[in-house]
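# Summary of the model geometry
Here is what each chain is made of, one letter per residue.
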Number of protein chains: 2
Amino acid sequence: MGLPQESFGGILHETARLWRTELDRRLRPLGLSQAKWRALLHIACHKDCTQAELAARLGVEAPTVVGLLDRLAADGLVERRECPHDRRSKTVHLRQGGQALMKPITEMAENLSRELLANMSPEEVACSTQVLQRIRDRLLSL
Amino acid sequence: MGLPQESFGGILHETARLWRTELDRRLRPLGLSQAKWRALLHIACHKDCTQAELAARLGVEAPTVVGLLDRLAADGLVERRECPHDRRSKTVHLRQGGQALMKPITEMAENLSRELLANMSPEEVACSTQVLQRIRDRLLSL
DNA sequence: CGCTAACTATTAGCATGCTAACAGATAGGC
DNA sequence: GCCTATCTGTTAGCATGCTAATAGTTAGCG
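Now for a look at the structure at hand. (Residues numbered from 1 in each chain as written. Chains lettered and ligands numbered in written order. Predicted model: local features only at pLDDT ≥ 70, side-chain atom pairs only at ≥ 80, totals over all residues. Heavy atoms only, no water.)

Now for the protein's contact with DNA strand C. DNA strand C sits among 25 residues. The nearest are S33(A), T64(A), R71(A), Q51(B) and A52(B). Across the atoms of DNA strand C situated within 4 Å of the protein, the share located in sugar and phosphate is 79%. Between DNA strand C and E61(A) there is a distance of 2.9 Å, counted from a phosphate oxygen to a backbone nitrogen or oxygen. Between R17(B) and DNA strand C, the recorded distance is 3.1 Å, taken from a side-chain N or O atom to a phosphate oxygen. In terms of residue count, helix α4 (residues 62-74) of chain A provides more of the surface near DNA strand C than any other element does, four residues in total. Of the residues contributing to the surface near DNA strand C, the split by class is eight nonpolar, six polar and eleven charged. (Near = heavy atom within 4 Å. Polar contact = N/O pair within 3.5 Å; in protein donor to acceptor, adjacent residues only side chain to side chain. Helix = DSSP H or I, 4+ residues; strand = E, 2+ residues; numbered from the N terminus. Nonpolar A, V, L, I, M, F, W, Y, C, P; charged D, E, K, R; others polar.)

Below, the structure written as structure tokens:
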């Protein structure tokens, strides 16, 4: 039957948590975290993005984005603006402080990824990526 | 450079979160979750386990186990007992209600795993498992 | 023996995620 | 045009994880 830590789900879960904790640890001197960094990157890449769009891109629920933006706005990194042609919506924009953080953040994330995948062959990484993507797609189609 | 959702770390993170959310959704009618189920399984398999041992086996920090056991004890599923030969430690034990849940819980977790891995070849699953294990080991050795 | 170091569980406080329930705004069907 | 559906953001409340700090206990070194 297999103990939980040896099952695929168990290893997936633990590896993801450790990865995130390590990245959070490295980003902490900048007052950041993986969740904040991912949000900033999407906001930078997709101008005039609404909160609902941002939630879909990040793959999380709307209330999660509300809290995340509250913290990022409190840090002075982003701001919400009312959408002119739809009074329900708000668009999210990077402020100067947020823009300045983009480069060091991205470098840290890529460095960690390189370190962790260093002794894997490209074939192994490609195979695993594809497996994870197919699991994700199946979960999204439930 | 690649957007975050397309990076290995991003896909790993999202897939793990979706897997856990789906399992939590299915376990909810039983008043359970993935974290509770994993703890119960380890407690059942390792008699007279201390909280520190349990934390190490689950791969989480000690305060996380404190909260988890508080909730499981409030549900009447487990109990703490003082360790006779070390007054710092407490051992954790399954109560009757917890024992009764083991079988349906394990079946649900295995069913989900089977569903999600159904259209993967054994070689692909083996390769991905190995890659995840190596990443995990590297993270643990930081 | 005694003192310091390490271990054990706990508390407090925070971040990130979820669901449920809501209020306001829009859009679509009649 | 209007009424209902749906969409958008928000709040409230919870679960799971973390770090830092604390109190009590044990163990190890001189």
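Each partner contributes residues to the interface: chain B has 51 residues there, and chain A has 51 residues. Of the roughly 5400 Å² buried at the junction of chain B and chain A (both faces included), carbon and sulfur atoms supply 69%. Residues R134(B) and E124(A) are paired through a salt bridge, measuring 2.7 Å at the closest nitrogen-oxygen approach. Our count for the chain B to chain A interface comes out at twelve residue pairs in polar contact (both at pLDDT 80 or more). If you list the elements that add at least two residues to the side of chain B that touches chain A, you get α1 (8-27), α2 (34-45), α5 (96-116) and α6 (122-140) of chain B. Looking at which element gives the most residues to the side of chain B that touches chain A, the answer is α6(B), with 15 residues. (Contact = heavy atoms within 4.5 Å. Buried area = accessible area lost by both parts, 1.4 Å probe. Salt bridge = Lys/Arg side-chain N within 4 Å of Asp/Glu carboxyl O.)

On to the nonpolar core, then. Counting residues in each nonpolar core, the largest one holds 80 residues, and the members touching the most others are F8(A), I135(A), F8(B), L40(B), V78(B) and I135(B). Each residue touching I135(A), except ones within four places of it in the same chain, is listed here: F8(A), T15(B), W19(B), L116(B), L117(B) and M120(B). (Core = buried A, V, L, I, M, F, W, Y, C linked by side-chain atoms within 4.5 Å. Buried < 20%, exposed > 50% of the residue type's maximum accessible area, 1.4 Å probe, protein only.)

With that out of the way, let us pick up the sheet that holds strand β1 (residues 49-50) of chain A. Two strands in a sheet stick together by hydrogen bonds in their backbones, pointing the same way (parallel) or opposite ways (antiparallel). Residue and element names in this part refer to chain A. The three strands lie next to each other as β1-β3-β2, forming an open sheet whose pairing is antiparallel. Lying at the two open borders of the sheet, with one neighbouring strand each, are β1 and β2 (78-82). Pairing geometry for β1 and strand β3 (residues 90-94), over two bridges, is antiparallel. Note that in β3 the partner of C49 across the bridge is V92. Running at roughly 120° to β2, α4 makes contact with β2 and β3 of the sheet. (Pairing = 2+ DSSP bridges. Axes fitted to C-alpha atoms, helices over the stretch in contact; angles between N-to-C directions.)

Attention now moves to the pairing of β3(A). Summarising the sheet, β2(A) and β3(A) pair through five bridges and their orientation is antiparallel. Note on β3(A): the bridge partner recorded for R81(A) is T91(A).

One pass over the structure, following the stated rule, counts 22 salt bridges over all chains. The residue E14(A) makes a salt bridge to R136(B) at a minimum N-O spacing of 3.3 Å. Residue E14(A) is located in helix α1 (residues 8-27), and its partner R136(B) is located in helix α6; the two belong to separate chains. Among the ionic contacts, a cluster of salt bridges with common partners joins E22(A), R25(A), R26(A) and E115(A).

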